[in-house]
Amino acid sequence: MTIDSIPSPEKPNARTEAALARLHKAMRDIEAEIAAHQGIYPFNFGRVTQSELCRRADVKKATLQNPLHKDTTRVEIMAWLDTISAQLAQTRDGTRERVTEVADGLAVEVQRLTQTLQAAEQRIVQLEADNAALCSRLAAR
C-alpha cells in the first residue's frame, strides 16, 4: 500500500463519494416523485424508509452503519426521512385513503375540463358559422 492509496480527509475515497452522490440523487428523485404524484410516494406501498432510499441509491444499508457514515450520512438521512415522513401517510390504509382523495379530486378536475372543452367546441362551431356567413357576404359583394 502506498501513501497515495490511503484516504485522507483532504482526499475522500472515490467509492464513498460515489455512494454519497447516489444517495443524494435518490433523495432528489424521491422528492420529485412525491411532488409529481400529489404527495404520494408511488412505490413501497407509499412508505419512504432508510431501506427504500438505499435500494433506490444501490447502496447497502449496512454501509450507513460503518464508522465513516454512522454519525454523518446516516444522521443526515434520518433527518431527511423525518421531513419526508411528516408529509406522507405512514400506513397502507392511510396511503389508500390519500390515493382515493387524490383520485376523487382528479375526477372533479376531469369533469371540469370536459365541460370547458365542450363549451370551447361549441364556441368554435359558432365562430366557424359566423366566419362562413361573413365570407358569403363578402363573396356576394
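Along every chain, residues carry numbers that run from 1 in the direction the sequence is written. Whole-chain, interface and lining totals are the exception, using all residues; otherwise, since this is a predicted model, local features are given only for residues with pLDDT of at least 70 and side-chain atom pairs are given and counted only at 80 or more. Hydrogens and water are ignored here; the side-chain numbers use all heavy atoms of the structure.

1. Re the layout of surface pockets
Points on a 1 Å grid, built from protein atoms alone, make a cavity when a 1.4 Å probe fits but cannot get out and make a pocket when they are open with protein on both sides within 12 Å along at least 5 of 7 lines; residues with an atom within 4 Å of a point are the lining residues. Grid points are joined across faces, edges and corners, and a volume is the space filled by probe spheres set on the points. In this structure, the largest pocket occupies an estimated 200 Å³ of space. Around the largest pocket, the lining residues are Asn-13, Arg-15, Thr-16, Ala-19, Arg-22, Asp-58, Val-59, Lys-60, Thr-63, Asn-66, Leu-68 and His-69. Labels follow the DSSP assignment, with helices taken as runs of H or I lasting at least four residues and strands as runs of E lasting at least two, numbered in each case from the N terminus. With four residues, helix α1 (residues 14-36) is the largest single contributor of residues to the lining of the largest pocket. Polar here means any residue other than Ala, Val, Leu, Ile, Met, Phe, Trp, Tyr, Cys and Pro, which are nonpolar, and Asp, Glu, Lys and Arg, which are charged; Gly is therefore polar. Partitioned by chemical class, the residues of the lining of the largest pocket number three nonpolar, five polar and four charged.

2. Quick look at the confidence of the model for the chain
Mean pLDDT over the chain works out to 84, with 87% of the residues at or above the 70 mark. Mean pLDDT in the chain bottoms out at helix α3 (residues 67-70), which sits at 86, and peaks at helix α2 (residues 50-57), which reaches 94. Under a pLDDT of 50 for its full length, residues 1-9 has, in the predicted model, three contacts with residues more than four places off or in other chains. Note on scores: pLDDT gives the predictor's confidence for each residue, bounded by 0 and 100. The contact criterion used throughout is that any non-hydrogen atoms of two residues lie within 4.5 Å.

3. Things to note about the packing of aromatic side chains
Any two of the Phe, Tyr and Trp rings considered here, Trp counted by its six-membered ring, make a pair once their centres fall within 6.5 Å; the pair's planes then place it as stacked at under 30 degrees, edge-to-face at over 60, or tilted in between. Scanning the model with the defined rule gives one aromatic pair in all. The interplanar angle of 70° and the centroid separation of 5.7 Å between the aromatic rings of Tyr-41 and Phe-43 together place this pair among those described as edge-to-face. Burial status follows relative accessibility: with a 1.4 Å probe on protein chains alone, a residue under 20% of its type maximum counts as buried, one over 50% as exposed, and anything between as partly exposed. Overall, the relative accessible area of 1% leaves Tyr-41 in the buried class.

4. Topic: the pattern of salt bridges
Any Lys or Arg side-chain nitrogen located within 4 Å of an Asp or Glu carboxyl oxygen qualifies as a salt bridge. For the structure shown, the criterion picks out four salt bridges. Of the charged contacts, one joins Lys-25 and Asp-29 as a salt bridge, the two residues approaching to 2.8 Å between their closest N and O atoms. Pair noted here: Lys-25 and Asp-29 are both in helix α1, with a separation of four residues, about one helical turn. What makes Lys-25 partly exposed here is its relative accessible area of 45%. Of the charged contacts, one joins Glu-33 and Arg-56 as a salt bridge, the two residues approaching to 2.8 Å between their closest N and O atoms.

5. Side note on the nonpolar core
The term nonpolar core refers to a set of buried residues drawn from Ala, Val, Leu, Ile, Met, Phe, Trp, Tyr and Cys, joined through side-chain atoms within 4.5 Å. Counting residues in each nonpolar core, the largest one holds 18 residues, and the members touching the most others are Leu-23, Ile-30, Ile-34, Val-48, Leu-53 and Trp-80. Looking at this core, the elements that each hand over two or more residues are α1, α2 and α4 (73-87). Ranked by the residues each element gives to this core, the list is headed by α1, at six residues. If near-sequence neighbours (up to four positions away) are discounted, Ile-34 is found in contact with Gly-39, Ile-40, Tyr-41, Val-48, Ile-84 and Leu-88.

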